[in-house]
Amino acid sequence: MVTRPYYEVTPYYFYSRNSHPQGIPIRQPVDLLQQGQICGLQGFNYSNFGISNRVVYMGAGSYKAVSEMTHRGRCALFLARYEIVAGFDWLGDNILSDSRLGFAPIPQAKTETFHMLVSKQQPEAEALRVLLNRRIAELEATGYLDTLLQKYRR
C-alpha cells in the first residue's frame, strides 16, 4: 500500500565546464544523445529521463566517480536526480559546489515522486496508511514539509 507523495526529485544532466564552457543546449531529452557518451550510476534507472537505459554507460559506483569521469572526458555528461546529488553535497561530497561542473534540468522530463510503503501484512496497514497521509497533508498545509525539503532544492 502506498501513501500520497511527500517528495519529488528532478532529472538533471551534469557536464564539465572544462569541455563545455558555454554549457550544453538541451531542448528535449533526445538532444542528450548528440553530446557523446552519457553516463550514470550502477544499478540506476534513467528511463524517466526521456532516453533508453541502453544508451547510458552505468559503470560508476558513486556521484564523485561519475563526476570525475566526466571531467576527464570519459563521459560527455552524466544523469542524476538533482535533489539526490544535493543530499550527497550536504553530506560532504561537494559535487554541486564543484565550480568545474555545470548542470541543468532535462526539459520535458517529469519529476519522480516518493511515497512511503505500508505492508499489507500488517494488521493495521490501512489505518497506518490513512494516518501517514493525514500527517503528510498536515506537514504540507503548515509549510513545514517545504521547510524540511528546502535544503535539497535549487
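Refer to the preceding data block for the structure.
Residues numbered from 1 in each chain as written. Predicted model: local features only at pLDDT ≥ 70, side-chain atom pairs only at ≥ 80, totals over all residues. Heavy atoms only, no water.

S.K.: What is the right way to look at the overall build of the protein chain in this model?
M.R.: Counting its secondary structure elements, the protein chain contains four helices and seven strands. The helix and strand sequence of the protein chain, counted from the amino end, reads β-β-β-β-α-β-α-β-β-α-α. With respect to the three principal axes, the spread of C-alpha positions in the protein chain is 55 × 30 × 30 Å. When each of the 154 residues of the protein chain is scored for burial, the buried share is 40%. Carbon and sulfur atoms form 51% of the exposed surface of the protein chain, whose accessible area is close to 8900 Å². (Helix = DSSP H or I, 4+ residues; strand = E, 2+ residues; numbered from the N terminus. Buried < 20%, exposed > 50% of the residue type's maximum accessible area, 1.4 Å probe, protein only. Areas by Shrake-Rupley, 256 points an atom, 1.4 Å probe, with all protein chains shown as cover.)

S.K.: How should the pattern of salt bridges be read in this particular structure?
M.R.: Side-chain pairing between opposite charges can occur once the charged atoms of the two side chains come close. Overall, the coordinates contain six salt bridges when judged by the stated rule. Linking glutamate 140 and arginine 4 is a salt bridge whose minimum nitrogen-to-oxygen distance equals 2.7 Å. With glutamate 140 in helix H3 (residues 125-142) and arginine 4 in the segment before strand E1 (7-9), the pair connects residues that are 136 residues apart, well separated along the chain. Taking the relative accessible area as the measure of exposure, glutamate 140 reaches 36% and is therefore partly exposed. A salt bridge links glutamate 138 to arginine 135; the nearest nitrogen and oxygen atoms lie 3.0 Å apart. Linking glutamate 138 with arginine 135, this pair stays in helix H3, spanning three residues, or about one helical turn. The partly exposed category is assigned to arginine 135, whose relative accessible area is 42%. When salt bridges that share partners are traced, they join Glu68, Asp98 and Arg100 into one network. (Salt bridge = Lys/Arg side-chain N within 4 Å of Asp/Glu carboxyl O.)

S.K.: Please clarify how the nonpolar core should be interpreted in this entry.
M.R.: One recurring pattern in soluble globular proteins: nonpolar side chains tend to sit buried together. Formed by 33 residues in total, the largest nonpolar core has its most connected members in Tyr13, Phe14, Leu32, Leu77, Phe78 and Leu79. Mapped by element, the contributors of at least two residues to this core are strand E2 (11-16), strand E3 (38-41), strand E4 (56-60), helix H1 (63-71), strand E5 (77-81), helix H2 (82-90) and strand E6 (101-105). When near neighbours in sequence (up to four residues on either side) are disregarded, leucine 32 contacts Tyr13, Ile26, Ile38, Ile51, Leu77, Leu79 and Ile106. (Core = buried A, V, L, I, M, F, W, Y, C linked by side-chain atoms within 4.5 Å. Contact = heavy atoms within 4.5 Å.)

S.K.: What is the right way to look at the packing of aromatic side chains in this model?
M.R.: Overall, the coordinates contain twelve aromatic pairs when judged by the stated rule. A ring pair is formed by tyrosine 12 and phenylalanine 14, whose centres lie 6.1 Å apart and whose planes are at 40°; its orientation type is tilted. One exposure class covers both tyrosine 12 and phenylalanine 14, and it is buried. Judged by centre distance (4.9 Å) and plane angle (10°), the rings of phenylalanine 14 and phenylalanine 78 are stacked. A residue pair is termed long-range when its members are at least 10 positions apart, and phenylalanine 14 in strand E2 and phenylalanine 78 in strand E5 qualify at 64 residues. Phenylalanine 78 matches phenylalanine 14 in its accessibility class, with the two residues each being buried. (Phe/Tyr/Trp six-rings, centres within 6.5 Å; stacked < 30°, edge-to-face > 60°.)

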